[in-house]
Amino acid sequence: MAITAQEYQQRRQTFMAKLGQGTAIFRSAPHAVMHNDVEYNFRQDSDFYYLTGFNEPNAVAVFAPHHLEHQFILFVQPKDLAEETWVGYRAGVEGAQEKFGADIAYSIHELAEKLPDYLKGSDRLFYHFGRDEKFNQTILQHYQRLLATRSKRGTGPTAIADPGTILHPMRMVKSEAELALTRRATAISAKAHLWAMEYAKPGLYEYQVQAEIEHLFRLEGAAGFAYPSIVAGGANACVLHYVENNAQLQDNELLLIDAGACYEYYNGDITRTFPVGDRFTPEQRVLYELVLEAQKQAIAAVKPGNSYQAPHQAAVRVITHGLRDLGLLRGNLEELIEGEKYKPFFMHGTGHWLGLDVHDAGIYKIGPEKDDWTTFSAGNVVTVEPGIYISPYIQPAEGQPEIADHWQGIGIRIEDDVLVTATGNDVLTAAVPKEVKDLEA
Ligand code: GLY
Ligand code: MN
Ligand code: MN
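Criteria and thresholds
Residues numbered from 1 in each chain as written. Chains lettered and ligands numbered in written order. Predicted model: local features only at pLDDT ≥ 70, side-chain atom pairs only at ≥ 80, totals over all residues. Heavy atoms only, no water. Donors = N, O, S within 2.8 Å, 3.2 Å for Na, K, Ca; no water. Helix = DSSP H or I, 4+ residues; strand = E, 2+ residues; numbered from the N terminus. Buried < 20%, exposed > 50% of the residue type's maximum accessible area, 1.4 Å probe, protein only. Salt bridge = Lys/Arg side-chain N within 4 Å of Asp/Glu carboxyl O.

A. Local environment of the coordination of the manganese ion (ligand 3). Within the first shell, the manganese ion (ligand 3) binds the protein through Asp269 (OD), His352 (NE2), Glu385 (OE) and Glu415 (OE), at distances of 2.0 to 2.2 Å. All donors of the manganese ion (ligand 3) belong to a single chain; written as a sequence motif, their spacing is D-x82-H-x32-E-x29-E. Separating the manganese ion (ligand 3) from the manganese ion (ligand 2) is a gap of 3.3 Å, bridged by Asp269, which donates to each. One end of the pair, Glu385, is in the loop between β15 (381–384) and β16 (387–390); the other, Glu415, is in the loop between β17 (410–413) and β18 (416–420), and 30 residues separate them in sequence.

This is the structure we're talking about:
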């Protein structure tokens, strides 16, 4: 099911065709320290991985379409049996060429010596200044050295540009193979949510539900969770990134679960909110129906040619209208929307691109004006996740009513992963129920 070598090669060709006389350089992800000398599992930088499929640290990928001999160059950790005994297998220099299609590969220790050869004939250097500060400095030094000698050589880069402007529009449109992996990630995520709905009951702790979900992720072959799982009973659901997951579930509360699996670098991102006990209370139910209607209308707005902002605008309209009907907002509907008076209840956007990163690379705004939003195209994958959160600490917007106690402590979000198709959309996470009748015992 993985991405084929041919597809990686095709991506590199498409990318290099847009570099002109430029050279692009990508650094692998840095190791993330857990504590002292223990590290988190290595996870490759998504841009690096998209172009190479190479999943090792301490590597550099170079793309030099103008170079006469080598256009795709990998610098990698060399084979070293003693090192590999401690920290795992390496492809090595030969593997980088044979398995990963590099025109030539070098040991990472040769970077300083070899890199200038691939830069000096370029007119621009494409490099994203990332988290590896030391490597940022290395690139700047190479650039400055070439700039200083350029007048004598007659060639060399005179600008540094971000490769994301070329690469990220490519990443926004998923290939069939990427969609197959996304479907697997979302199917595993959906299965875990279904089981969590069955398993959760009053008296259990949030972490017990979390454990069941994450157990299933791994059991199904996922690398693990795509982001720290949010399992939030009652008012904890009003904390958007609640991850403590240590409270006991109560009979009259809702449970919000925002959890997704990561499968072969692709991610699911699902939220469901349902009663811990058998039924919604009247307040929970009316707010739930409102979020559900907002989410359905937002999903209907996901189609090719529509503005990226159309789903959010649809959700805001439904939620603001509904909150006004309930007396939680007061005033003219258009003025409430224009003045963003809904924000104490619904303070986040309605979604994000989904792919190799959970908050995936890609463009949202295409210009400075209010309506300058990117438009959906077939192959985009986006989340649709409106919510209403009435925290016990809620501060109504200026001129708006105080919130009665019986509304407080209710947090609801419903999130699906939606593929834009040629004619509309396909909800990849539709297997997880969200109708009231399916969530009550
Ligand atoms: N779970 C992260 C998000 O929904 O954006
Ligand atoms: Mn989510
Ligand atoms: Mn999301």
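B. View of the environment of Leu419. As for its placement among the helices and strands, Leu419 is situated in strand β18. Take Leu419: its relative accessible area is 5%, and that puts it in the buried class.

C. Region of interest: the pattern of salt bridges. Summed over the entire model, instances satisfying the criterion amount to 25 salt bridges. The partner of Glu83 in a salt bridge is Arg90, with the nearest N and O atoms 3.4 Å apart. A relative accessible area of 12% places Arg90 in the buried class. Note that Glu289 and Arg285 form a salt bridge whose closest N and O atoms lie 3.6 Å from each other. With Glu289 and Arg285 both in helix α10 (residues 282–300), this residue pair falls four residues apart, about one helical turn.

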